[in-house]
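One-letter residues, chain by chain:
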Amino acid sequence: FLAKYGRLPVQVTEMFAAHGIGRPFRVELPLEEYVSYAKSNDFDWPFYVWERNFNGERSKLLEDWQVPRLFADDLYDITPEVRDFLPLTCHLFLLVGGRRTGSNLHLDPKWSSAWNTLLCGRKRWVMFPRDAPAKEIGASEGDAYKSAGPQAYWWLDHYPRLRAQGSKYGMVDIVQGPGDTIFVPAGWWHATLSLPEDGEDVTIACTRNVFPPASLNYVLPRMRAADPAFARFFVETIRRLRPDAPSFLPTEAVEVERPAIVGSCESWRLERRQAASLSLAECRRDFIRPGRPLIIGGLGPHMLSTECCGLSREWLSANFGEKLVAVYRNFQDHERRGGEQDQAELMRLREALALLRKGGKEAEGLYLYDLSLPLQLPGLLNHIFMPRYFAHCYLQQTMRVHCFSRSWPTLFIGAANSQAKLHVDQWHGHFWMYMISGRKRWTIFHPEDAHLLRPTVPEGRHHPVFSDLHELEGDEGFERARRLDIVLEEGETLFVPGGAPHLVVNLTDSVAVAGNFLDESNFDVAMADLRTMASAEAPGGSIGGVVTALDEIDFDPDCSMHVDRLDPKFLVVRYQDFQGGAAARWDVVPPDADDY
């Protein structure tokens, strides 16, 4: 090994700048010089080669690298975007260590398993099952093990006691010899200690973190809890690219049949339709114009860019984490809210996502609610598409720019059990929502039955507020109100007709995008509302500007009424095509269809 690679420079440690700003920089030694150092060093915390950069002259190391066939099926390799979730720089290592080198007790990142093949020397390994208590076995949570002190100290401070206790915590104690390969299952604690043979002075090993399909039963629930958007993207990618997916996906990850029709009342029921069999004209004619709720399936694979990993928390934090956003902290049911008014707090997006990740009390009632992407996170619009079924919005077809020109789409990120109050959207606007990750329970009432929900219009307001559901239960009128209770699942798009009171509860942590829209079906009633709102403004007010912009256009009610059934990839539009109404004027197939 040294004869071939002795002059190759490798990383022996990293050093941070004194001011703490910027990336750490590599400290390198040629391999033969490191071996010379390892022969004579007597430090408690010696340098240890963890080489993970295989660029340039180090790329030839990979020519001698072969993954054992048992571990060749790595789900993190399924696409480049998934691979970026656990990059090569974080999971592929050449390890060269002298005496007293090794690792403190730790868990591998991103729920990965690992294999480790020893080429020379010996290593002692200890491993503990997933349920072993970290404190009792001397483990550090998260990345804290990297700075938890010399690795040899764990072996002096904890190993003798744990070995004497035998199987109390399920410890597995192994000495690895040359040619041996150790497999570490996802979630198992493990620590190592290098034991070079006399005359060799170092151990040499190669290791890689992997995601074998067999670990999905353990990993997927934890992935969903920590980053539900990535988990959904990951499972969808597996379903799409692995024909054998049903053989190894956990039962709950296999597509389940969802009710095609919800509601027994002929005048108020919801249908589920697949985009591939629902034309733009049929959606307008049979659902939007008559005001019938609808869930559309099949748009999911086309609604987000592949680069954003399903709008995962990690990706959002890395790319938009420093953006300041308003986050509500008490969007809860009436018992937890206790009569409080809505309370918003300004924080960085990464801080809000970190609270979601922690869960528990810190995440209770947390809701990033109806955040305008064009106004507040415009960069995110490069990664989000919009349903073409609603892209004919009249608000985008005006000549004048007005206060609603750049209001939608909006972003919703909510903690499990967070909810908004029962309400109706302003000016009878139609509403759509695409469920990126998680689940929401929707309760939707017929617009004609809003008067049965005890509506009141506060002074100075133009739209009603309603009593909480618990206050309405038992009312004779409430019992007569036509009501739908549905669960919106990941990958589905919901249409709610304008004027329909609704209550939404996040059953899990969830991420969604949504928008209001105006067309021929709600134009007259919306204009009446807008004129009333404008009359209360000073001259030149923002709502008056909307009325003026809409009044001067003779809209074509049959614009974009295409009867052809299209591939779902042609049923989504980019924001740049939605803004200004360009998508509403498209022929059947988008003009730049090759880009879709």
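One can find the structure itself at the top, above this paragraph.
An account of the accompanying structure is given in this report. Small disclaimer: the values here were computed from a predicted structure and weren't measured.

## A short note on the sheet that holds strand β24 (residues 502-506)
- The strand order β22-β21-β24 describes an open sheet built from three strands, whose pairing is antiparallel. Every interior strand has two partners, whereas the edge strands, β22 (483-488) and β24, have only one. With direction set aside, neighbouring strand axes in the sheet form an average angle of 15 degrees.
- As defined by bridge partners, strand β21 (residues 440-445) adjoins β24 across five bridges and the pair is classed as antiparallel. The residue bridging Lys 440 from the neighbouring strand is Asn 506, located in β24.

## Some thoughts on the pattern of salt bridges
- Taken as a whole and assessed by the stated rule, the structure comprises 41 salt bridges.
- The partner of Arg 242 in a salt bridge is Asp 73, and the shortest N-O contact between them spans 2.9 Å. In this pair, Arg 242 is assigned in the loop between α8 (228-241) and α9 (245-248) and Asp 73 in the loop between β3 (48-51) and α3 (80-83), connecting sequence segments 169 residues apart.
- If you follow the salt bridges from partner to partner, you end up with Asp 74, Asp 77, Arg 83 and Arg 208 in one network.

## Topic: the packing of helix α17 (residues 523-535) against helix α18 (residues 542-551)
- It is at 8 Å that the axes of α17 and α18 come closest, and there the two elements cross at 145 degrees. Taken as a pair, α17 and α18 cross one another with a handedness that is left-handed. Where α17 abuts α18, its residues Phe 523, Met 527, Leu 530, Arg 531, Met 533 and Ala 534 lie against Ile 543, Gly 544, Val 546, Val 547, Leu 550 and Asp 551.
- Of the residues assigned to the contact of α17 with α18, the class counts are nine nonpolar, one polar and two charged.

## Concerning helix α10 (residues 280-288)
- Of all the nine residues making up α10, seven are buried; the element is thus mostly covered by neighbouring parts of the structure.
- What α10 keeps buried is the set Leu 280, Ala 281, Glu 282, Cys 283, Arg 284, Phe 287 and Ile 288.
- Packed against the buried residues of α10 are β13 (268-274), β14 (294-297), β20 (430-437), β23 (493-496) and β25 (510-517).

## Quick word on the state of the cysteines
- If you walk through the whole model with that rule in mind, you get zero disulfides.
- Not part of a disulfide, Cys 309 finds its nearest cysteine sulfur in Cys 308, a span of 7.1 Å.
- A relative accessible area of 6% places Cys 309 in the buried class.
- With no disulfide of its own, Cys 393 lies closest to Cys 559 among cysteine sulfurs, the gap being 12 Å.

## Some words on the pairing of strand β15 (residues 324-328)
- Residues Val 325 and Val 327 point to one face of β15 and are all buried, whereas Leu 324, Ala 326 and Tyr 328, pointing to the other face, are not buried.
- In this sheet, strand β16 (residues 344-348) lies alongside β15 in antiparallel orientation, the contact comprising five bridges. Looking across to β16, one finds that Leu 324 is bridged to Arg 348.

## Regarding the nonpolar core
- Ranked by size, the top nonpolar core spans 78 residues in total, and within it Leu 311, Leu 380, Tyr 389, Leu 411, Leu 530 and Leu 550 carry the most contacts.
- Sort the elements by how many residues they give to this core and α17 lands first, with six residues.
- Beyond its immediate chain neighbours, meaning those up to four positions away, Leu 530 contacts Phe 404, Trp 427, Ile 543, Val 546, Val 547 and Leu 550.

## Regarding the side chain of Gln 176
- By the secondary structure assignment, Gln 176 is in strand β8 (residues 172-176).
- Separated by 3.0 Å, the side chain of Gln 176 and the backbone oxygen of Asp 180 make a polar contact.
- When neighbours within four sequence positions are excluded, Gln 176 is seen to be in contact with Asn 116, Thr 117, Leu 118, Gly 121, Arg 122, Lys 123, Trp 125, Thr 181 and Ile 182.

The rules behind the values
Residues numbered from 1 in each chain as written. Predicted model: local features only at pLDDT ≥ 70, side-chain atom pairs only at ≥ 80, totals over all residues. Heavy atoms only, no water. Pairing = 2+ DSSP bridges. Helix = DSSP H or I, 4+ residues; strand = E, 2+ residues; numbered from the N terminus. Axes fitted to C-alpha atoms, helices over the stretch in contact; angles between N-to-C directions. Salt bridge = Lys/Arg side-chain N within 4 Å of Asp/Glu carboxyl O. Left-handed = near helix turned anticlockwise from the far one by under 90°. Contact = heavy atoms within 4.5 Å. Nonpolar A, V, L, I, M, F, W, Y, C, P; charged D, E, K, R; others polar. Buried < 20%, exposed > 50% of the residue type's maximum accessible area, 1.4 Å probe, protein only. Disulfide = S-S within 2.5 Å. Core = buried A, V, L, I, M, F, W, Y, C linked by side-chain atoms within 4.5 Å. Polar contact = N/O pair within 3.5 Å; in protein donor to acceptor, adjacent residues only side chain to side chain.

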